[in-house]
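What the coordinates show
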Amino acid sequence: MESAQSQEQAAPGPFTAFARFVLCGGGVGIASSFAVAGLGSWMPWALANALVTVGSTLLSTELHARFTFGAGGRATWRQHAQSAGSAAAAYAVTCMAMLVLQQLTAAPGAALEQIVYLSASALTGVARFAVLRLVVFARNRSQAAATVDSPRPVHATVARTSAPAGPAALCRAA
């Protein structure tokens, strides 16, 4: 009981959680970019990117469960799956943004490519933060709140009559 209440109090507000999300996600993203470059020299880049994406999503989900959203422990497999789904959606959006750029501009410069990619990443990051906060890690807070709000079970007493009341009795009762 006491631990549920302390976990509820430890859950960060939206601004703190967003700052932590940027810190964790950005840190893992930077480390991932170096890991992809390193692995890409030993194996095909697409395979290196896939391996690093899986590993970084697992690591990020654990960090978000423990640090960003104050879930109070390790991430569950369901949270990992939901997080992977939101990461896959973000990946698809950034790929689509780059594809649209390639269709609109014959030879975009490196600066324009970076602007488009980082803009798409930022937008999907904000959307991913909302999904993680409101869906993936929200259940822990609502379960803890339910435990804190109703510490004792409520028992209801139901009176039963032997015969149903007629319409006249119901009208008088109202």
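Right above here is the structure, for reference.
Okay, so let's go over this structure.

1. As for the packing of helix α3 (residues 45–68) against helix α4 (residues 77–104)
Running from N to C, α3 and α4 point in directions that differ by 130 degrees, and their axes come no closer than 10 Å. Comparing their axes, α4 and α3 come out oblique. Judged by the twist between their axes, the crossing of α3 over α4 is right-handed. Together, N49, T57, L58, T61 and E62 of α3 and Q79, H80, S83, A84, A87 and Y91 of α4 make up the contact between the two elements. Of the residues in the contact of α3 with α4, the class split is four nonpolar, six polar and one charged.

2. Some points on the pattern of salt bridges
Here the structure, examined in full by the defined rule, presents two salt bridges. When the shortest N-O distance is used, the salt bridge between E62 and R66 registers 3.2 Å. Residue E62 and its partner R66 are located together in helix α3, separated by four residues, close to a single helical turn. By relative accessible area, which is 13% here, E62 ends up buried. Ionic pairing is found between E62 and R74, a salt bridge with its closest N-O pair at 3.7 Å. One end of the pair, E62, is in helix α3; the other, R74, is in the loop between α3 and α4, and 12 residues separate them in sequence.

3. Quick word on α3
All buried positions along α3 are accounted for by A48, N49, V52, S56, T57, S60, T61, E62, H64, A65 and T68. Check the buried side of α3 and you find it contacts α2 (14–40), α4 and α5 (110–136). Positioned one or two residues after α3, G70 has a phi angle of 60 degrees, which is positive.

Conventions adopted
Residues numbered from 1 in each chain as written. Predicted model: local features only at pLDDT ≥ 70, side-chain atom pairs only at ≥ 80, totals over all residues. Heavy atoms only, no water. Axes fitted to C-alpha atoms, helices over the stretch in contact; angles between N-to-C directions. Helix = DSSP H or I, 4+ residues; strand = E, 2+ residues; numbered from the N terminus. Parallel < 35°, antiparallel > 145°, perpendicular 65-115°, else oblique. Left-handed = near helix turned anticlockwise from the far one by under 90°. Contact = heavy atoms within 4.5 Å. Nonpolar A, V, L, I, M, F, W, Y, C, P; charged D, E, K, R; others polar. Salt bridge = Lys/Arg side-chain N within 4 Å of Asp/Glu carboxyl O. Buried < 20%, exposed > 50% of the residue type's maximum accessible area, 1.4 Å probe, protein only.

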